[in-house]
Amino acid sequence: MTVGFRIRSNFTRVDAALARRAAAVPAANIGDVVNRMQAMRGGFLAYGGRKTFAGPAFTVRARAGDNLMLHEALDLAQPGDVIVCDAGGDMGTAIMGDIMGRYAESLGIGAIIVDGAIRDVAGLAKLDLGVWARGATPAGPYKDGPGEIGYPVSCGGLVVMPGDLIAADEDGVVVIPREDAEAAVIAAEAHSLKEAEMMQAIDERRSDRSWVGAILVGRSVTRV
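Given the structure is predicted, the values throughout are model-derived calculations rather than measurements.

About the thresholds
Residues numbered from 1 in each chain as written. Predicted model: local features only at pLDDT ≥ 70, side-chain atom pairs only at ≥ 80, totals over all residues. Heavy atoms only, no water. Helix = DSSP H or I, 4+ residues; strand = E, 2+ residues; numbered from the N terminus. Buried < 20%, exposed > 50% of the residue type's maximum accessible area, 1.4 Å probe, protein only. Contact = heavy atoms within 4.5 Å. Areas by Shrake-Rupley, 256 points an atom, 1.4 Å probe, with all protein chains shown as cover. Lys, Arg positive; Asp, Glu negative; His and termini not counted. Charge placed at Lys NZ, Arg CZ, Asp CG, Glu CD. Arc of directions from axis to C-beta. UniProt positions renumbered as here; feature names shortened; annotations may be inferred. Phe/Tyr/Trp six-rings, centres within 6.5 Å; stacked < 30°, edge-to-face > 60°. Salt bridge = Lys/Arg side-chain N within 4 Å of Asp/Glu carboxyl O. Axes fitted to C-alpha atoms, helices over the stretch in contact; angles between N-to-C directions. Parallel < 35°, antiparallel > 145°, perpendicular 65-115°, else oblique. Left-handed = near helix turned anticlockwise from the far one by under 90°. Nonpolar A, V, L, I, M, F, W, Y, C, P; charged D, E, K, R; others polar.

A. View of the overall build of the protein. For the protein, the count of helices and strands is seven helices and eleven strands. Along the first, second and third principal axes, the C-alpha atoms of the protein reach 65 × 40 × 40 Å. Counting every position in the protein, which comprises 224 residues, the buried fraction comes to 45%. Intrachain contacts of the protein at a sequence separation of at least 6 include 77% that bridge at least 24 residues. Of the roughly 11500 Å² of accessible surface on the protein, 53% is carried by carbon and sulfur atoms. Considering the protein, the positive charge centre built from 23 side chains and the negative charge centre built from 28 side chains are found 4 Å apart.

Okay, here's the thing in structure tokens:
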């Protein structure tokens, strides 16, 4: 039985130019245009020196408290990839620290998303690498396995497929299926322009708030 110890590194990635466009708009705007269904649950914090990044998902599934397969993923991922590690949400053991982060940085890996804990917070903050995780603990990991690379994982309450578009900033992480990525980025760019216009309207004291009253009509609101 190979389940639990298998590696697949040959898959189709979201277009690199599209990922760069995604990195230029807020993750929240990308999440908005896909009907608010593709944001990882709250709690993911940006620990790396890069606070904004987007790229194709390189998926890893690790046993809680064990980072053997995450080490292997560092050597298999391509420059610009976002390693997405399903560590089972375990907060008792850090799955990576600044040594692994520095190695990932040297390989051109764009970011690492950990559904679990990391350590060496100060060191990670100095790296040209995005690192998002649920929290930090000084407790170190084991290196025994099992684990999988290049297969679907669950991270932050979402299914992540290899090659999906991952976009992250200080708000958190969104996941867009590869086949939907182009349409989502186009819509998010338009949404960002609309928000800029709304900000300008606020600054110029011409913001239209009539929509609030329109929603309240017929809601039997009692005002005192």
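B. A look at helix 1 (residues 16-23). Among all positions of helix 1, only Leu18, Ala19 and Ala22 are buried. Angularly, the buried residues of helix 1 cover 100 degrees about the axis, an arc narrow enough to put them on a single face.

C. Up close: the UniProt feature "binding site: substrate" (unreviewed entry) in the protein. Mapped onto this numbering, the UniProt entry annotates "binding site: substrate" (unreviewed entry) at Gly97, Asp98, Ile99, Met100 and Arg119. Their sequence span is 23 residues, while the largest C-alpha to C-alpha distance among them is just 10.5 Å; these annotated residues converge on one region. Within the element layout of this structure, Gly97 appears in the loop between strand 4 (82-86) and helix 4 (98-106). When near neighbours in sequence (up to four residues on either side) are disregarded, Gly97 contacts Arg119, Asp120 and Leu124. Within the secondary structure layout, Arg119 lies in the loop between strand 5 (111-118) and helix 5 (121-124). A residue is classified by how much of its surface remains accessible, and Arg119, at 30% relative accessible area, is partly exposed.

D. Spatial organisation of the environment of Glu179. Within the secondary structure, Glu179 is located in the loop between strand 11 (172-176) and helix 6 (181-203). For Glu179, a relative accessible area of 63% gives the class exposed. Distance in space between the C-alpha atoms of Glu179 and Tyr142 is 36 Å, their sequence separation being 37 residues.

E. Spotlight on the packing of aromatic side chains. For the coordinates displayed, the defined rule picks out one aromatic pair. Ring centres of Phe11 and Phe58 lie 5.8 Å apart, and the angle between their planes is 50 degrees; this geometry places the pair in the tilted category. Taken together, the residues Phe11 in the loop between strand 1 (5-7) and helix 1 and Phe58 in strand 3 (residues 53-62) connect sequence positions 47 residues apart. When sorted by exposure, Phe11 lands in the same class as Phe58, which is buried.

F. A look at the pattern of salt bridges. On inspection of all chains with the given rule, the structure shows eight salt bridges. In this structure, Arg6 engages Glu148 in a salt bridge whose closest nitrogen and oxygen atoms are separated by 2.8 Å. Highlighted residues: Arg6 in strand 1 and Glu148 in strand 7 (residues 147-149), separated in sequence by 142 residues. Residue classification places Arg6 among the partly exposed positions, given a relative accessible area of 27%. For Asp32, the salt bridge identified is with Arg36, shortest N-O distance 3.5 Å.

G. Structural detail: the packing of helix 1 against helix 6. In contact at an axis separation of 10 Å, helix 1 and helix 6 are set at 30 degrees when each is read in the N-to-C sense. One element, helix 1, and the other, helix 6, form an angle in the roughly parallel class. The element helix 1 and its partner helix 6 pack so that their crossing is left-handed. For the pair helix 1 and helix 6, the contacting residues are Leu18, Arg21 and Ala22 in the first and Ala181, Glu182, Val185, Ile186 and Glu189 in the second. Of the residues that constitute the contact of helix 1 with helix 6, the class distribution is five nonpolar, no polar and three charged.

H. View of the UniProt feature "binding site: Mg(2+)" (unreviewed entry) in the protein. Within this numbering scheme, the UniProt entry marks Asp120 as carrying the feature "binding site: Mg(2+)" (unreviewed entry). Assignment of secondary structure puts Asp120 in the loop between strand 5 and helix 5. Residue classification places Asp120 among the partly exposed positions, given a relative accessible area of 32%. Non-local contacts of Asp120, meaning those with residues more than four positions away in its chain, are made with Gly97 and Asp98.

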